[in-house]
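Understanding the architecture of this molecule
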Amino acid sequence: MDTPMSHSEYEELAAGYVLGALEPDDEHVFQQHLSGCSVCEANVRELEAVVGGLAYAAPPVDPPDTLWAGIRREIRPEAARRTSIPAAAPGPPSGAGLRRPRLLPALAAAAAILLVVVLSLWNLNLRDQNAVYRDRVAALERATQLANDPSASLVTLNDQPGTTGAQATVIASSRQDRGVLLVENLPPLQRNRVYELWGVPGGKIDKAEKALVFVPLRRQGTQALQFEVPIQPGTVFAITEEPGPDGSEKPTSQPLLVGAPRTA
Amino acid sequence: MRGKAYRGLRDGQLVELVAQKDAGALEALYERYGRPAYSLARRILTDETLAQDVVQEVFLSLWRDARRFDAGRGTVATYLLSMTHHRAVDVVRREENLRRWRTSDEGLELEPDPKARVEDEVEASERRTEVRAALAELPAAQREALLLAYFGGYTQREVAALVGVPLGTVKTRMAAGMRKMKEALQDAGREEQHPWTRQ
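What you see is a predicted model, and the numbers here were worked out from it, not measured in a lab.

1. Quick notes on the overall build of chain A
When its secondary structure is counted, chain A shows six helices and eight strands. Reading the secondary structure of chain A in the N-to-C direction produces α-α-α-α-α-α-β-β-β-β-β-β-β-β. Of all 264 residues assigned to chain A, the portion counted as buried reaches 40%.

This is the structure in structure tokens:
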């Protein structure tokens, strides 16, 4: 580009520039011009919006589930340290909100207990611990945050005959379709067996949806685990023993622990 | 179903939350733009794994440095899709053997998508129809130049060689095609007001 270009020639280059199709020498010339030309700068902004729209001409393809799973895996360590559901965000109406007045004291108490637990864990200098501990902290932070969610409900799971001493509580948000399971004293499992938490709409076992697959802690203590599952008013939670490592799509054994939300 | 609490938020608000390392906000943006971004990457790269890598890197880039997004320069949608395009083109230029699409219209359906899912974002579906209609209105030579550059990742000189016309002709065709696209989309009244460009 030895000869000076007219402005109309620069305008012509703008299209190739936003498409990323200029040759290196043209791109260099145009970038230099762009930094001092408000007309071309405005034109480029408008053309960039057009180029953004061209993406929609591609045949639509659903991304595989593994794509978001990969992103989530990468961001999890940082996300665990900072999670904020906007309290004022509008959400769809939820019948679960009807339970709010009676549950508030329980939820506040749960939040206080969880805060103590989180602080205790913090004192153990968890920043230097492994990913298992980070996940637990994330679950506890999630539980604390859910306790402040007006759509959240606290469900105590009662042990069935044969599981003496097992205790479990679910804090579940119907607005977010997610929750946290706090569980302790579940019996140890045989090899290649797992526990599975289910969300059971209306208590109808044939409608059960997988919420979480886990194995109990080897040592004493409360296990805190996050899960995601559709949650409606009246969703019952149940824990069954299932074949590992991935559990089952539907329950294949009698529940060890079952809990239903309180009804008005 | 995920992240109900974020659905009422505008894109710009979600980016602000992402800057504060709010994973739910990133997930909400992914739910809005993950599909068009992945569709674009698949169209350019044709390879599922490479397309996944590109889209993952786009969203991780937003996660790592959301402050780079400048609302004054354009919409969140444009930002994410432009980044997807740039990265996919970078990959395709490194992987010459991926350039299977010798004609730019191949693999594109310029009619409205008959398989659009009911649950597909209404805005995206409308946008797709609108952009395809605008492309279909272009003279074939201009459309070919635009699509070879955009989906094929070809430079203007490469387009000229592929089509068999002088470089200057390609520059003119691209400029005319982009100008007509801009006018068509503005005529549709969507450039500023369309929901998918919400900030």
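2. Overview of the overall build of chain B
When helices and strands are tallied, chain B shows eight helices and zero strands. Traced from its N-terminal end to its C-terminal end, chain B shows the element sequence α-α-α-α-α-α-α-α. For chain B, the proportion of its 199 residues judged to be buried stands at 49%. Long-range pairs, those at least 24 residues apart, make up 66% of the contacts in chain B between residues at least 6 apart in sequence.

3. Remarks on the environment of Leu 189 of chain A
Residue and element names in this part refer to chain A. When you line up the elements, Leu 189 lands in the loop between β3 (178-184) and β4 (193-200). For the pair formed by Leu 189 and Val 215, sequence separation is 26 residues and the distance between their alpha carbons is 7.6 Å. With residues up to four places along the chain from it excluded, the contact list for Leu 189 reads Val 194, Val 215, Pro 216 and Glu 241.

4. Here we look at the interface of chain B and chain A
At the junction of the two partners, chain B supplies 63 residues and chain A supplies 51 residues. Where the side of chain B that touches chain A is concerned, the elements lending two or more residues are α2 (23-45), α3 (48-64), α4 (76-94), α5 (122-137), α6 (140-150), α7 (156-163) and α8 (167-187) of chain B. Ranked by residue count, the leading element in the side of chain B that touches chain A is α2 of chain B, at twelve residues.

5. Re the sheet that holds strand β5 (residues 209-214) of chain A
All names here are of chain A. The strand order across the open sheet formed by eight strands is β5-β4-β7-β8-β1-β2-β3-β6, and the pairing between neighbours is antiparallel. The outermost strands of the open sheet, each flanked by one partner alone, are β5 and β6 (223-228). Sheet twist, expressed as the mean angle between neighbouring strand axes with direction ignored, is 25 degrees.

6. Details of the nonpolar core
Ranked by size, the top nonpolar core spans 80 residues in total, and within it Val 18, Ala 41, Leu 80, Ala 149 and Met 174 of chain B carry the most contacts. Ranked by residue count, the leading element in this core is α2 of chain B, at 13 residues. Listed in part, the 37 residues of the second largest apolar core include Ala 172, Leu 181, Trp 198 and Leu 257 of chain A.

7. Quick look at the packing of α3 of chain B against α4 of chain B
All names here are of chain B. Two numbers describe how α3 lies on α4: the axes approach to 9 Å, and their chain directions differ by 135 degrees. With respect to α4, the axis of α3 lies oblique. When you trace α3 past α4, the crossing you get is right-handed. Together, Leu 50, Val 54, Val 55, Glu 57, Val 58, Ser 61 and Leu 62 of α3 and Leu 80, Met 83, Thr 84, Arg 87, Ala 88 and Val 91 of α4 make up the contact between the two elements. Of the residues in the contact of α3 with α4, the class split is nine nonpolar, two polar and two charged.

8. Considerations on the packing of helix α1 (residues 7-18) of chain A against helix α2 (residues 24-34) of chain A
All names here are of chain A. Two numbers describe how α1 lies on α2: the axes approach to 10 Å, and their chain directions differ by 115 degrees. Considering their axes alone, α1 and α2 lie roughly perpendicular with respect to each other. In this structure, α1 meets α2 at a crossing whose hand is left-handed. Contacts from Tyr 10, Leu 13, Gly 16 and Tyr 17 of α1 reach α2 at Asp 26, Glu 27, Phe 30 and His 33.

9. Observations regarding α1 of chain A
With twelve residues, α1 of chain A ought to run about 16 Å at 1.5 Å a step, and its terminal C-alpha atoms sit 17 Å apart, in line with that. Looking at α1 of chain A, one finds that the buried residues are Glu 12, Leu 13, Ala 14, Ala 15, Gly 16, Tyr 17 and Val 18 of chain A. Here the buried face of α1 of chain A lies against α2 and α3 (38-54) of chain A together with α7 and α8 of chain B. Two residues or fewer past α1 of chain A, Gly 20 of chain A is found with a positive phi of approximately 70 degrees.

10. Quick word on the confidence of the model for chain A
On average, residues of chain A score 76 in pLDDT, and 72% of them are at 70 or above. A low-confidence stretch, residues 122-132 of chain A (pLDDT under 50), is modelled with three contacts involving residues beyond four sequence positions or located in other chains.

11. Let's talk about the pairing of β4 of chain A
For a regular strand, the rule is simple: side chains alternate between the two faces of the sheet. Residues and elements named next belong to chain A. Counting buried residues along β4, six of its eight residues qualify, which places the element largely inside the surrounding structure. Summarising the sheet, β4 and strand β7 (residues 236-243) pair through eight bridges and their orientation is antiparallel. Bridged to Gly 199 within β7 is Phe 237. As paired elements, β4 and β5 share five bridges and run antiparallel to each other. Within β5, the position partnered with Tyr 195 by the bridge is Phe 214.

Criteria and cut-off values
Residues numbered from 1 in each chain as written. Chains lettered and ligands numbered in written order. Predicted model: local features only at pLDDT ≥ 70, side-chain atom pairs only at ≥ 80, totals over all residues. Helix = DSSP H or I, 4+ residues; strand = E, 2+ residues; numbered from the N terminus. Buried ≥ 20, exposed ≤ 12 C-beta atoms within 10 Å, placed from the backbone. Contact = placed C-beta atoms within 7 Å. Pairing = 2+ DSSP bridges. Axes fitted to C-alpha atoms, helices over the stretch in contact; angles between N-to-C directions. Core = buried A, V, L, I, M, F, W, Y, C linked by C-beta atoms within 7 Å. Parallel < 35°, antiparallel > 145°, perpendicular 65-115°, else oblique. Left-handed = near helix turned anticlockwise from the far one by under 90°. Nonpolar A, V, L, I, M, F, W, Y, C, P; charged D, E, K, R; others polar. Expected span 1.5 Å × (residues − 1). pLDDT = per-residue confidence, 0-100.

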